[in-house]
Amino acid sequence: MNLPFILFFICALLAVLGAVLLIIAREPIHAALSLILVMIALAVLYLLLGAEFIAAVQILVYAGAIMVLFVTVIMVLNAEAEERTDFSKIAKWVGLPLGFVLLFAIAHWLYRAHVGPVVASGAGIPAHALSTWDLSTELFRHYLFPFEATSFLILIAVLGAMILARRDE
Amino acid sequence: MEFISQHPVLVASVIKIAVLLFIVMTALAYLTWFERKVVAHIQSRWGPYYVGAHGLLQPLADGLKFLFKEDVTPPTSDRLVYVLAPFLALALALTAIAFIPFGPPDKTFIYGQKIFVVSDSNIGLLFLFAITSMGVYGVALAGWSSNSKYPLLGGLRSSAQMISYEVSLTLSVVGVLLIAGSLQFNQIIENQGGHWWHFLPEWNVFPQIVGFLCYLTAAIAETNRVPFDLPEAETELVAGFHTEYSSFKFAMFFMAEYANMVTVSCLATILFFGGWLSPFPDSWHWQLYLPGAGLMAVGIYCAYDTITRMRGIARLQLTVVTLLSLVIGALCLLPAVAPYVQGPFWFTAKVLVFLFFYVWVRGTLPRFRYDQLMSFGWKLLLPVSLANLVGTALWYAVGWMRHG
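Residues numbered from 1 in each chain as written. Chains lettered and ligands numbered in written order. Predicted model: local features only at pLDDT ≥ 70, side-chain atom pairs only at ≥ 80, totals over all residues. Heavy atoms only, no water.

Draft legend 1. Summary view of the side chain of Q58 of chain A. If you trace the backbone, Q58 of chain A turns up in helix α3 (residues 52-77). Separated by 3.4 Å, the side chain of Q58 of chain A and the backbone oxygen of M39 of chain A make a polar contact. (Helix = DSSP H or I, 4+ residues; strand = E, 2+ residues; numbered from the N terminus. Polar contact = N/O pair within 3.5 Å; in protein donor to acceptor, adjacent residues only side chain to side chain.)

Draft legend 2. Region of interest: the interface of chain A and chain B. Taken together, the 23 residues of chain A in the interface contact 24 residues of chain B. Between chain A and chain B, a total of about 2,100 Å² is buried, with carbon and sulfur atoms accounting for 79% of that surface. At the junction of chain A with chain B, the criterion picks out zero salt bridges. The tally of links between chain A and chain B comes to four residue pairs in polar contact (both at pLDDT 80 or more). Here the side of chain A that touches chain B takes 14 residues from α3 of chain A, the largest share from any one element. (Contact = heavy atoms within 4.5 Å. Buried area = accessible area lost by both parts, 1.4 Å probe. Salt bridge = Lys/Arg side-chain N within 4 Å of Asp/Glu carboxyl O.)

Draft legend 3. Region of the structure containing the environment of S34 of chain A. All names here are of chain A. Checked against the element boundaries, S34 lands in helix α2 (residues 28-48). In this structure the C-alpha to C-alpha distance between S34 and L22, which are twelve residues apart in sequence, comes to 5.2 Å. Leaving out residues up to four positions away in the same chain, S34 has contacts with G18, L21 and L22.

Draft legend 4. A look at the pattern of salt bridges. Residues and elements named next belong to chain B. Per the counting criterion, the structure on display carries six salt bridges over all chains. With a closest N to O distance of 2.8 Å, E35 and R362 form a salt bridge. A residue pair is termed long-range when its members are at least 10 positions apart, and E35 in helix α2 (residues 8-42) and R362 in helix α14 (residues 338-364) qualify at 327 residues. Here R36 makes a salt bridge to D62, at a shortest N to O gap of 3.4 Å. Highlighted residues: R36 in helix α2 and D62 in helix α3 (residues 58-68), separated in sequence by 26 residues. On the basis of relative accessibility, which here comes to 39%, the residue R36 falls in the partly exposed class. Given a relative accessible area of 24%, D62 falls into the partly exposed group. (Buried < 20%, exposed > 50% of the residue type's maximum accessible area, 1.4 Å probe, protein only.)

Shown next as structure tokens:
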């Protein structure tokens, strides 16, 4: 029982709890807050794996930028609490069992991959956290084309959003 | 003892966090006193004067008053979020300070743990921005959960403002990162060591003056201070997002705002003014005694004030202050202690200059109009900080191409 081990289970539980709350919550703001909880718990999990940069960017981009935008939009639209309709019969009789089957399948594969002992012993944590230097060398040397292509794609998306938003004028 | 040797990081961190929390909380309380005093003198008033000598016990009285006030929760509010918002605001504001180095990393205590920084992360700057980028939740959620008009408007305004200015804030800092080539605070600071022409410190503020001005403006807007205090513009929105908050929850928002002020001042000091480095060359040995001498000078002034002006209980209180600063000042002169206080002394001195600047601006400038605020942020500040970034990057690219 070392510290990363305990932290892993706390954050894993928090992430699952946040994800469940996100679906159960009826107020949109509560759902958004649960999603933020998931993001932060995931960031701590990244940190446990030695991926400092990914952890910081996870909080910075998802919790700090995207979710802030979500919360602002919910506030601007003043979204009301969701109304609950009756569960659909198919979801109840087919969806739930299938969901459990999927969960079982994932657990089975994880068990066979022997991830548990690695996590428990803390052996999965690299001795040296990956530095930003290594990361940028990889990103701007080996993966330069995918990186540039992605940024171009995002630029197109930004322009598209602006055109769609200003179509009426 | 065995536990300490097994978990040196854990034990050292808990000690450092406890000490830092105590210091920061006290500093925040006295920051309110400092602000009221300075603004009062700008406006030809005395400011707090009657609770303690020179109003020195005013923060304590304010804190007690906040504790004993009735804590009102509006019946139509969203209970959970309403309670969560102030905690979130204060917790995030205080967490950000954990990444700030107050002194050189070579000063260590139990098992080589650094004394002057809680977490000396390799990417400290990114973590700090990650924490502060979440600070907007406290304000936005407070405005939403109060379920009344003015707080909602205030919360919306502040979210829009903080998102807008965060872009410029982050971009204005990238120039410094290009110079330092690191995201670690201590490396950024150590990179600024040395002097041009033997007297001008090699601080980033000189090559990055445009970036610094952008940072300073964006930082004032980011902390919702005058002249960008639209979220709580009294004349328009009563008190903005915290209109419905009372008692200690209000105090928590107040403390969060001051903690954010301290954080951005610390960041300005680290990135542009050499952090804990002394402005004087190393060859000037007398600077080792400057912290102690400065404190003793304060003590001597307090002694003069005690004798000539103070009467009654105020005289007693100021005598305590006098003795404290004289004793601590004398301690700082000891050769064993002096090297340890250098870093924190210069760091605190620089941060205090920024805090004074904050208050000075508040006492001088009128508030922006909302559309002015937005167009200033997007149409002036963002292009200028972008141009600064592109210019710095080009400068380095040309340099690399020449020298390979």
